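# Geometric and topological summary
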Amino acid sequence: MRFIHTADWQLGKPFGGFDAETRNALTEARFDAIDAVGKAAAAHNAQHVLVAGDVFDTEGPDERTIVQALARMERYACKWWLLPGNHDFARNGGLWDRVRKRAGGRVAVLASHDPVEMEDGVWLLPAPLLHRHMVDDPTAAWDDMETPGARLRIGLAHGSIRDFGTSGEAPNLIAPDRARRARLDYLALGDWHGHLGVDDRTWYSGTPETDRFQRDEPGHCLQVELAEGAAPRVTPVRTGRYQWLARSWTVSDAAGFRAECDRLLGDCTPSDTLLRLNLAGLVPLADRVSMIGHIEDDLRHLLRHLEIRDGDLVARPSEDDLAALDAEGMLGRAAAILKERAEAGGSESALARRALERLFVEIARQGA
Amino acid sequence: MGLVLNRIAIENFRKFRDRQEITGLTDGLNVIVEPNETGKSTLMEAVRAALFLRHGSKTQLIKSFQPYGDAVAPQVELDFTIDGAPYRLVKRFLSRPVAELEGPDGRQHGDAAEEALQSLLGFEKQSSGLDSTSLGTLGLLWVPQTEGLDLVPPGDKVREGIGGALEGQADALLGSAMFDRVRDRIEAEYTRFRTARAGSSTGELKQAEARLEEAEAALKEAQQRESALEAAYAELEQARGQLALVAGELADPGDMEQREKLAGDLELARGAAQRLETEQARHAGAAARVEKLEDLHRRHDQARRLVTESEAELKRRKADHAILADGLANARRKAAETGAALDECRRARNEARKALDAAQKQEARRRERADIERARQRHAGLLKLEEQRAQFARIARTAVPASAFTDLERIEAAIDQERAVLQAGGVRIAFSGSANVTLDGENLAEGETTLTREARIALADGSEIRIHPPANLAGAEYRLEDARARHAALLEELQAGSLAELRSRDRAARDAAVELQGIGKQIEALTAADETLGIAAGAEALKLFIAELPEGADPAEEDGGKTPPLPELQQALEESETALARAEEFNQSALDELRTAEKDEMAGSVRTSQAEGEFARGQRDLAEIEALAEFATLADDLPEARADLARKAAALEEARRNAAALDADAIRRRMEMLDRRREGAARRKAELDQEIARLETRIETEGGRGLAERTATARDEQAAAAAALARMTDEAETLALLRDVLGEAREEVSRSMVGPVAERARRYTQRILPGCDPIFGSDLGMAAIRRASGEEDCNLLSQGTQEQLAVLSRLAFAELLREEGRPVSLMLDDPLVYSDDVRLDAMIDLLEEASRDMQIIVLTCRERAFRAAPGKRLRLLDAV
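Each value, and the rule that gives it
Residues numbered from 1 in each chain as written. Chains lettered and ligands numbered in written order. Predicted model: local features only at pLDDT ≥ 70, side-chain atom pairs only at ≥ 80, totals over all residues. Heavy atoms only, no water. Helix = DSSP H or I, 4+ residues; strand = E, 2+ residues; numbered from the N terminus. Buried < 20%, exposed > 50% of the residue type's maximum accessible area, 1.4 Å probe, protein only. Contact = heavy atoms within 4.5 Å. Areas by Shrake-Rupley, 256 points an atom, 1.4 Å probe, with all protein chains shown as cover. Axes fitted to C-alpha atoms, helices over the stretch in contact; angles between N-to-C directions. Parallel < 35°, antiparallel > 145°, perpendicular 65-115°, else oblique. Left-handed = near helix turned anticlockwise from the far one by under 90°. Nonpolar A, V, L, I, M, F, W, Y, C, P; charged D, E, K, R; others polar. Pairing = 2+ DSSP bridges. Buried area = accessible area lost by both parts, 1.4 Å probe. Salt bridge = Lys/Arg side-chain N within 4 Å of Asp/Glu carboxyl O. Phe/Tyr/Trp six-rings, centres within 6.5 Å; stacked < 30°, edge-to-face > 60°. Polar contact = N/O pair within 3.5 Å; in protein donor to acceptor, adjacent residues only side chain to side chain. Core = buried A, V, L, I, M, F, W, Y, C linked by side-chain atoms within 4.5 Å. Expected span 1.5 Å × (residues − 1). Patch = residues over 30% accessible without salt bridge, like charges linked within 9 Å, V, L, I, M, F, W, Y side chains within 5 Å. Lys, Arg positive; Asp, Glu negative; His and termini not counted. Charge placed at Lys NZ, Arg CZ, Asp CG, Glu CD.

For chain A, the count of helices and strands is 9 helices and 17 strands. Buried residues in chain A amount to 54% of all 368 residues. Sequence separation of at least 24 residues holds for 71% of the intrachain contacts in chain A that already meet a minimum separation of 6. Entry remark: accessible area of chain A is about 15000 Å², with carbon and sulfur atoms responsible for 47%.

In C-alpha cells form, the structure reads like this:
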C-alpha cells in the first residue's frame, strides 16, 4: 500500500516582509506545492495523500485560498486526507465547515477522532486538533481504538513529539512511542517543517515548500510504502521550489567577500534562492564601499531575495583613507569629527560610523 | 616684509608714447596727484603688466597696451626693493619681447625671469588677462579704480597664504569644490527624507511613515474584526454548553416524580390541619373551664385573707388613734398657758414704754428753756456791741480824704516858695539909731528889715522915703497871698485848724475803722445760727426770735427743773421687751405643737375609718362568694377539670405534630418552585436557541471572509512597514548627522582662518565706524558689518562706506600678509571718491599710519582733498 505523507502547507501565509513581487511568488509557490505533491502521488502510483495538519496558515483563511487549494487538489486522481492542525484547528462553524461545503469527493476532512477505513483493511486513525493548543496528547485514545479487521493502522497527527525540541510545557505533545503503543504501522506527523524520521514508523514529512530561513534544503514530501509485518519504506520526494538560505560570514576584505559570494552563487539557483546574510568583521573603508557596490549592483539583482544584516560589519577607515581626505580640507575635518565620534562609543557611535562610511562612499563617487 | 617701488619708467604704453619716469617713490606714503585723463590708471596698469604679464604673451590685453595706431613695443621698467634687497625689472611686450630681472642673486632673462618674479611675488601664471584671484597679494592690494568699491574676497593664493601661515591648512579651502559637491549630494539625499530647514519628514520617509500608519490602522481593524469573530466563537461555545445543561434539566424525570409525591403529601396535610383545628377548639374549652374554677377559688382565698388582715389592721389603727388624742389635749393646755403669759408680758412692756416717753418729753422741754436763756444772753451782748459799733462809726466817718493832704502840702510848698522869692528879692534895709522912723506908718525897729513892696519910710523929719522893691516882687507877693488864702480856705472846709490837727483826726478815724471790723466779727460770732431753736444766722434773726418770745411765766418752774431718771426707765423697758419676746416664743411653739397634734389626730381618725371600711368589704365579699352555687362543689370540680385539660392538651399536641409534619404551604411552595424552574428552563432554552442561531449566522458570514489570514497579512505588513521606516529613519539620521558634521567642519575651518583677518579689520573699521564689527564670510570676503542695531549686509551700505570698508579690509589683509612675510605694497587708484570730508580725513590719517610699515601709493585727481595729506607728493608729468 502506497501513499504520500505531507504536512504544513501553510496556505495563505502572507510573507509581508518581502517586496510585492517576491510575496506573490512565495504565495503562489505554496499552491504550486500542491501540484508537486499531486504529481508525486501520480508518479508513485499512490492513491492517498495524508496531510498531517496546518493545511492552512490560519483558521480563517481567505475564501480565495480555500478555493485555490481545493481546485489544485481536484486535479489529481488521488484521495486527499486533510487533518486540522494547530494553525487550522477544527471547530464548529469554522474553517473546515467552509472547506467541506466546497470540497468534492476527493477531499476528506478529518475533523473528528473517529477512525476511517481508507481502503479494505487499512484504517486511518486521525488526531485532529480541536483547539489551537491542546494540553492532552491528542493521540492518547488510539491505544484502545478499535479498527475491526485492520491490516494496517495508520496514525495521522499534528504536534511535537514529547522531549523533541520542545519543553514539557508545550501544547499538542505526542508520546514518542505512540506508534508502538497504538500498534500503528505508520505514524504520519506534521508541525516540524523539515522531514525527519523519529523512528522507523514515525515520520515528519516537513513542509512541501519552505517558508522561512531555518534550513537550507528545499521542501519535500514523503512517499511511503506499507506492507503487513514489514517496516515502512519511506522515500523523500522534492516538491519545493525555493531555497531559503541563511548565512553568516565574517569577512576581512572585499576580495574575501567576493569569493564567498561566488561560492554561494555556484552552489544554488540564484533566481530561486532567498538569502539572509549576516556580515561581521572589520574591513577597510574602501573595501566596505566596494562591498556595498557589489551587494547593491550584483548580488541583489541575481537573487530572488536578499536580506543583509551588516550591523556587525565595521568599516574602519585606514590611515590612507584618512590621509587622502586630509588633503580635502573641510571634508577631512568632517571625517575626523565623525571618526572621533564613532570611536567615542555610546549611542551615537554607530550612527557616526554609518555617516563616516557614507561620507567615504560619496567622496569615492565624486572622485570617480 | 616690505615691497617698495622706487622707480617706474614706461614707454610706448597707451598714452605714454614717450618715455615717462617717476622716481623718488619712498617707502612710506606717496601721493601722486594728477587731473583726470593724465594717465594715472595707465600707470598702474603698466606696473601690473610688468609684474604679472608674461613678456612673450600676445593677448588682446597686451595688444591694447600699444599706443593707438602705433605698432611699437610697450615697455615698462621697475626699480623696487624687497626687504631692502634691490631689484630691477625690465619688460617689453609684442615686438622683440624682453623680460629681465636683476636682483641680489644676479640677472635673469626670459621665462626664467618670469618664474623668478612669480615665486618672488607669489602669484600664478596668468593666461589671457589678469585674474585677480590668482594674482596673489599684490592682486589684492593694488586696487584699480574699477575695483575700488568691491569688497572682493581674496584669491586662493592669498587665502592660501593667510591660511597656510595661520593654521597649516593650506588646502582647506582649495578642497571646497569637492566639499561643495559632496555636501550638495548629501543635501539632496537628505531632502529625499526630510525637509532641509525644519527637518520634518518628506518624500520617502513621509511615505514610509504613512505606510506604517496605514498598516497599523489596517492591523488594528483586522484584529478587531478577528477578535470579534473569536468572541462570537466563544459565545457560541458557551451558549451550546448552556443549552445542553438546560435541555438536560428539562428532560430530568426526577422533577416529575417529586411533583407527584408532593401532590399526595398535600392531601395528607390538609386532613391533619383539620384535625388540629378540632383539637385546638376542645383544648380551649377545657382550658376555659379550669380557668373559671380556679378564678373562683382564688377569689374566695383573697376574700378570706382580706377579712383577716383588715381586722388586724383596724385594731392597730384604733390603738394609734387613742394615743394621738391624748397628745392633742396636752398641746391645747400648754397653748392656753403660754397665751396668758404672753398677755401679761405685753401689758408690762406697754407700761414701761409709757413711763419712758413721759420722761423724755420732760427732758426736752428742759433743754429748750436752757437754749432760750442762752439766746437772751447773746441778744444782750449783741445790743452792747451795736452801740459800740455806732460810736466807732461816727469817728470813722471823720477820716480825711488822701487828696486833701496832697492839696494842702502842695499849697504849703507854694507858700514856702513864694516866701523865699520875696525874701531873696526883697529890699533889705538896715536901720540903726533911735530916730523915730516909721515904715508905712509903723515904727521901724532897729535891725535889718526886708521890704518886698512899696514902702514908705517916714523919717522923723517928715520926709519920706519911698522904697520900691523890684516890680517882679509884686507878682510874688500876690501869689503868696493867694496861696495863703487857699490854704486857709481848705482848712476851713476840712474843719481843721491846722494840718497837724487834721492828721491827728484822720489817724483816729482809721483806728475806729479797724475797731469796727473787729466788732463786726464779734457780732457775727454771737449771732451764729441755732438749729435747736430754729434761729437763722444774723443779728436780725436773733432779735426777731427774742422779740417774738411769749411773755409769761417760765415753764421751768412747773416741774422744778429736775432732770428725770431716763437710763433707769430705758432699762426697765428693755427688760420688759425681752420678757415679751420669750413669751411669744413659748406661745408660738405651743401653737405649732398643737397644730401637729391636731393633724396627726385627724390622720389617725381617717385611717381608722378606712380600716373599718376594709374590714366591712372583706366580710361582704366573702359572704357573697360563699353564697354562690358553684362554691359548694368547688373542691371536687376543680381537680376534675384540671385532669380533663391535661388530656385535651396531649391530644392537641399530637394533632399539631401531625400537621407540622405535612406543611401544606411548604409543599405548595415547593410545587410552585418546581413549576417555575421548569418554565424558566424552557424559556432559557428558547433564548439560547435563538442566540445560537444568531451566532452561527454571524460566524458563517464573518468566518468566510478570511479574517485570520487578513490579520496575519496585516500584521506582516505592519512589521514590514515598521522595518522599512526604521531603515529609512536610520538613513535619514545618518544623513542628518553627516550634514551637520559637514556644516560643522566648514564652520570650524572658516573660523580658524577668518578670525585673525576679522580681528585686524576690526581695528581699522572701528576708527571709521565706531562700534561696528566687520563680519567676514568663509571666503574671507567682508560680508556684513554688525552694529548695535544688528547686522547689515555690505551691499546695502552707502557707496562711501563700502569704498572705505574696501580700503580698510585691504589694509587688514596687507598687515596680515606683511606679518606672514609676504611682500606687500598698497596701491590705490583714485580711492575714496565717495567719502565725505570727515571720513576722508580719517582715512588719510589711517593711510599715513599704515604707511609707516609699508609703502602706500595713492593715485588721485583730488588735489584739494589730498592737499593736506602727509607723505611724499609726486607729479606724473614732472618727470617728463
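All names here are of chain B. Running from N to C, helix H7 (residues 203–251) and helix H15 (residues 664–703) point in directions that differ by 150°, and their axes come no closer than 8 Å. When the interaxial angle is binned, H7 and H15 end up roughly antiparallel. The hand of the H7/H15 crossing is left-handed. In terms of residue class, the contact of H7 with H15 is built from 15 nonpolar, 2 polar and 13 charged.

Turning our eyes to something else, we now look at the sheet that holds strand S15 (residues 243–250) of chain A. Residue and element names in this part refer to chain A. Pairing within the open sheet is parallel, and its 3 strands lie in the order S15-S16-S17. Across the chains shown, the open sheet's two edge strands, defined by having one partner strand only, are S15 and strand S17 (305–316). In this sheet, adjacent strand axes meet at a mean angle of 5° when their direction is disregarded. Across 10 bridges, strand S16 (residues 273–284) lies against S17 in parallel orientation. Residue pairing in the sheet places alanine 280 in a bridge with aspartate 312 of S17.

Taken residue by residue, the interface counts 45 residues in chain B and 42 residues in chain A. At the boundary of chain B with chain A, total buried surface from both sides reaches about 3600 Å², with 59% on carbon and sulfur atoms. Across the contact surface, chain B and chain A share 7 salt bridges. Among the ionic pairs, arginine 354 of chain A bridges to aspartate 730 of chain B, the shortest N-O distance being 3.3 Å.

Glancing now at the sheet that holds strand S14 (residues 464–467) of chain B. Residues and elements named next belong to chain B. Judged by pairing direction, the sheet is antiparallel, and its 4 strands sit side by side in the order S11-S10-S13-S14 without closing on themselves. The two strands at the open ends of the sheet, each matched to only one other strand, are strand S11 (442–443) and S14. Pairing analysis gives 2 bridges linking strand S10 (residues 438–439) to S11, with the strands arranged antiparallel. Bridge pairing in S11 places leucine 439 opposite glutamate 442.

This part takes up the packing of aromatic side chains. Residue and element names in this part refer to chain A. Applying the stated criterion to the full structure yields 11 aromatic pairs over all chains. An angle of 80° between the planes, with centres 5.8 Å apart, marks the rings of tryptophan 9 and tryptophan 80 as edge-to-face. Here the residue tryptophan 9 occupies a position in the loop between strand S1 (2–6) and helix H1 (20–43), and tryptophan 80 occupies one in strand S3 (residues 79–82), the gap between them amounting to 71 residues. Ring geometry for phenylalanine 15 and tryptophan 244: centres 6.0 Å apart, planes at 35°, overall tilted.

You will see that asparagine 45 of chain A, though not glycine, has its phi angle at about 60°, which is positive. With respect to the element layout, asparagine 45 of chain A can be found in the loop between H1 and strand S2 (48–51). On the accessibility criterion, asparagine 45 of chain A (54% relative accessible area) is exposed. Its identity as a non-glycine residue notwithstanding, aspartate 83 of chain B has a phi of 50°, on the positive side. Positionally, aspartate 83 of chain B belongs in the loop between strand S4 (75–82) and strand S5 (85–92).

Taken as a whole and assessed by the stated rule, the structure comprises 103 salt bridges over all chains. A salt bridge links arginine 317 of chain B to glutamate 313 of chain B; the shortest N-O distance between them is 2.7 Å. With a gap of 4 residues between them, arginine 317 of chain B and glutamate 313 of chain B both fall in helix H8 (residues 254–396), about one helical turn apart. A relative accessible area of 21% places arginine 317 of chain B in the partly exposed class. One network of salt bridges, in which partners are shared, links Arg358 and Glu362 of chain A together with Arg185, Glu189, Arg192, Glu204 and Glu731 of chain B.

Moving on, we come to the side chain of asparagine 86 of chain A. Residues and elements named next belong to chain A. As for its position among the elements, asparagine 86 is in the loop between S3 and helix H3 (95–102). Residue classification places asparagine 86 among the buried residues on the basis of a relative accessible area of 16%. Among the polar contacts made by the side chain of asparagine 86, one reaches the side chain of histidine 158 at a distance of 2.7 Å. Not counting chain neighbours up to four residues away, the residues in contact with asparagine 86 comprise Asp54, Leu129, Arg132, His158, Asn172 and Asp191.

Turning next to the packing of H8 of chain B against H15 of chain B. Describing two packed helices takes the angle between their axes plus the distance from one axis to the other. Residues and elements named next belong to chain B. Contact geometry for H8 and H15: axes closest at 9 Å, N-to-C directions at 155°. The angle between H8 and H15 places the two elements in the roughly antiparallel class. For the pair H8 and H15, the crossing hand works out as left-handed. Touching Asp255, Gln258, Arg259, Leu262, Ala263, Asp265, Leu266, Ala269 and Arg270 of H8 are Ala664, Ile667, Arg668, Arg670, Met671, Leu674, Asp675 and Arg677, all from H15. For the contact of H8 with H15, the per-class residue count stands at 8 nonpolar, 1 polar and 8 charged.

The biggest cluster of nonpolar side chains holds 81 residues, and the ones touching the most others in it are Leu5, Leu51, Leu78, Phe80 and Trp142 of chain B. If you tally residues by element for this core, the top one is helix H17 (residues 799–819) of chain B, at 9 residues. Leaving out residues up to four positions away in the same chain, leucine 5 of chain B has contacts with Leu25, Val47, Leu78, Asp79, Phe80, Trp142, Met827, Gln855 and Ile857 of chain B. If you look at the next biggest cluster of nonpolar residues, it comprises 39 residues, including Leu331 of chain A together with Leu205, Leu212 and Val741 of chain B.

Residue and element names in this part refer to chain B. By the element assignment, glutamine 804 lies in helix H17. A distance of 2.8 Å separates polar atoms of two side chains, one belonging to glutamine 804 and the other to arginine 839. Excluding its chain neighbours within four sequence positions, the residues that come into contact with glutamine 804 are Ile768, Leu832, Ser835, Arg839 and Met843.

This part takes up helix H9 (residues 402–425) of chain B. With 24 residues, H9 of chain B should cover 34 Å at 1.5 Å per step; its first-to-last C-alpha distance of 35 Å lies within 8% of that length. Check the buried side of H9 of chain B and you find it contacts strand S12 (447–451), helix H10 (472–493) and helix H11 (499–526) of chain B.

Residues and elements named next belong to chain B. Judged by side-chain charge, Glu209, Glu213, Glu214 and Glu216 come together as a negatively charged surface patch. Checked against the element boundaries, glutamate 216 lands in helix H7. A relative accessible area of 38% means that glutamate 216 is categorised as partly exposed.

It is a general feature of regular strands that their side chains alternate between the two faces of the sheet. Residues and elements named next belong to chain B. Residue alternation in strand S13 (residues 455–458) divides its side chains into a buried set, Ala455 and Ile457, and an unburied set, Arg456 and Ala458. When S10 meets S13, the two strands line up antiparallel, connected through 2 bridges. When the bridges of S13 are listed, threonine 438 appears paired with alanine 458. Sheet analysis places S13 next to S14, joined by 4 bridges and oriented antiparallel.

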